[in-house]
Amino acid sequence: MSSGPDLTSGARIAERARKVVPGGVNSGQRSVPGLADLVVTATSGARFRTADGREFTDFHSAFGPPLLGHNDPDVARATAEAGTTLGHMGVGVTEGEVELAEQLTELIPSVEKVLLTSTGSEATFHALRVSRAATGRRLVVKFQGCYHGWHDSVSLNVISAPEKVGGHDPISTGILPEVLDATLVLPFNDSEAVRRTFAAHGQDIAAVIVEPVPHNVGALLPYQEFLTTLREETAKAGSVLVFDEVITGFRHALGGWQQLSGVTPDLTTLGKAIANGAPVGAIGGRADLMDLFSTRPGAPAFFAGTYNGHPSVVAAALATLRKLREEPVHEHVYRLGARVRAGLDSLYTRLGVPAVVTGHGSVFVTYFMPGDAPRTYDDLLANDAALFVGYRRRLLDHGLFELPLNLKRSHISYAHTDADVDRLLEGTEAAVQAVLAEGGARDLENASTMGGAVR
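Treat the numbers as computed from the prediction; the structure is a model and nothing was measured. (Residues numbered from 1 in each chain as written. Predicted model: local features only at pLDDT ≥ 70, side-chain atom pairs only at ≥ 80, totals over all residues. Heavy atoms only, no water.)

A. View of the packing of helix α3 (residues 95-107) against helix α10 (residues 311-326). Their axes nearest at 9 Å, the elements α3 and α10 cross at an angle of 40°. Crossing angle aside, the handedness with which α3 passes α10 is left-handed. The segment α3 lies against α10, with Gly 96, Glu 97, Glu 99, Leu 100, Gln 103, Leu 104, Glu 106 and Leu 107 engaging Val 314, Ala 317, Leu 318, Leu 321 and Arg 325. For the contact of α3 with α10, the residue count by class is 7 nonpolar, 2 polar and 4 charged. (Axes fitted to C-alpha atoms, helices over the stretch in contact; angles between N-to-C directions. Helix = DSSP H or I, 4+ residues; strand = E, 2+ residues; numbered from the N terminus. Left-handed = near helix turned anticlockwise from the far one by under 90°. Contact = heavy atoms within 4.5 Å. Nonpolar A, V, L, I, M, F, W, Y, C, P; charged D, E, K, R; others polar.)

B. Structural context of the domain arrangement of the protein chain. The assigned domain composition of the protein chain is domain 1 (10-63 + 328-438) and domain 2 (73-326). Counting from both sides, the interface comprises 24 residues of domain 1 and, opposite them, 28 residues of domain 2. Summed over both partners, the interface of domain 1 with domain 2 comes to about 2,200 Å²; 58% of that surface belongs to carbon and sulfur atoms. On the surface where domain 1 and domain 2 come into contact, there are 0 salt bridges. Put simply, domain 1 and domain 2 have 13 residue pairs in polar contact (both at pLDDT 80 or more) between them. At the level of elements, α11 (329-351), β11 (356-360), β12 (363-367) and α12 (377-380) are the ones that each hand at least two residues to the side of domain 1 that touches domain 2. The residue makeup of the side of domain 1 that touches domain 2, split by class, is 12 nonpolar, 8 polar and 4 charged. (Domains from an automatic or database assignment. Buried area = accessible area lost by both parts, 1.4 Å probe. Salt bridge = Lys/Arg side-chain N within 4 Å of Asp/Glu carboxyl O. Polar contact = N/O pair within 3.5 Å; in protein donor to acceptor, adjacent residues only side chain to side chain.)

C. Just the side chain of Ser 362, in detail. Looking at where Ser 362 falls in the secondary structure, it is placed in the loop between β11 and β12. Reaching out from Ser 362, the side chain makes a polar contact with the side chain of Arg 251 at a distance of 2.7 Å. With sequence-adjacent residues up to four places away left out, Ser 362 is seen in contact with Leu 67, Arg 251, Val 333, Tyr 334, Ser 410, His 411 and Ile 412.

Rendered as structure tokens:
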């Protein structure tokens, strides 16, 4: 006699998870409608397998960090070898940390000195802390649609509902109002708004933090004049300009977006892409700012982290950077990315579907809306979320994985092939046609993340 429903292996494990892990996942970004029973058992190159025996070609790529592909053999080998000789001491420094810092200062235009963290969120937290320490000022400027991590100063106005744009839209409860009040939110790509804000508040602004490309809402490409305005206004006011290159760093170029744009910030934050997805982040920039951290005895801005510079992640980072420098990684992913964008653009024209295919290099995203490529968050409000989420759910039927959440971008890795692109284009056409026949996805609850907190 059966003791209960005939659950698949994935469903059984997911049910166990929900009993002991709130919601069954260890990050709010992993709780995705329609994927409640997704249990990943193996990753390799451009693919992953599930507990139910299914294999997917992965264009989500863990939000982007594994530029080389999952479980890159050279990175895995370096990590394993490091573990045989060196454990984490939590005191002093290792030669690997020094070598990694030397490479980061060599590669990234703004970085004169650098400190390692375990996450990108920690890096952006420290960037704002040291900016306030350096300036003695209170205010921070961020932009609608940009995500800079989980800490209170920047946990607002990412994917906001239309009625929340233009005001404070915190993504979590439990944040002190006075912390939110110290953050000014401006529209991305609006140089005039930046100039007005500095005219009114410049002497009170400690820092401006920006994703040079807001990839957390897909791909809003910046106007060059906008980035130049940020540099000019912060320099004139004595404020600190922070480029959050947790996503753009290494994926678009070894020197990040600042290398491509020629605009050099005061501080730069980096994330897991340093080490092909291993848990590492970094903050680097002007030496006078970095010397304010308490890693230099007597300096005023406290900085600590037991896992900072862990030997295994340092080894992963060094192996990743070596491969990025020595092999045609960017040439490969840029070529395939261009193929995807051109193929998708042709596909939607043929189907007569209003769509804007955009992105840069290895990043691609389709917004279902008429007109030109969006440049501001307000432009994205026209996106047909039902079609956006719906076709990605249908892609699963074709063994293809793009994250089925509204406005999320997709990625090409060094492990992807032309055949993978062919399959993606074929599967996308079938998935879009199926969703159009159905009239779009019907269940969109929780299909947008990082929106306003429920009160």
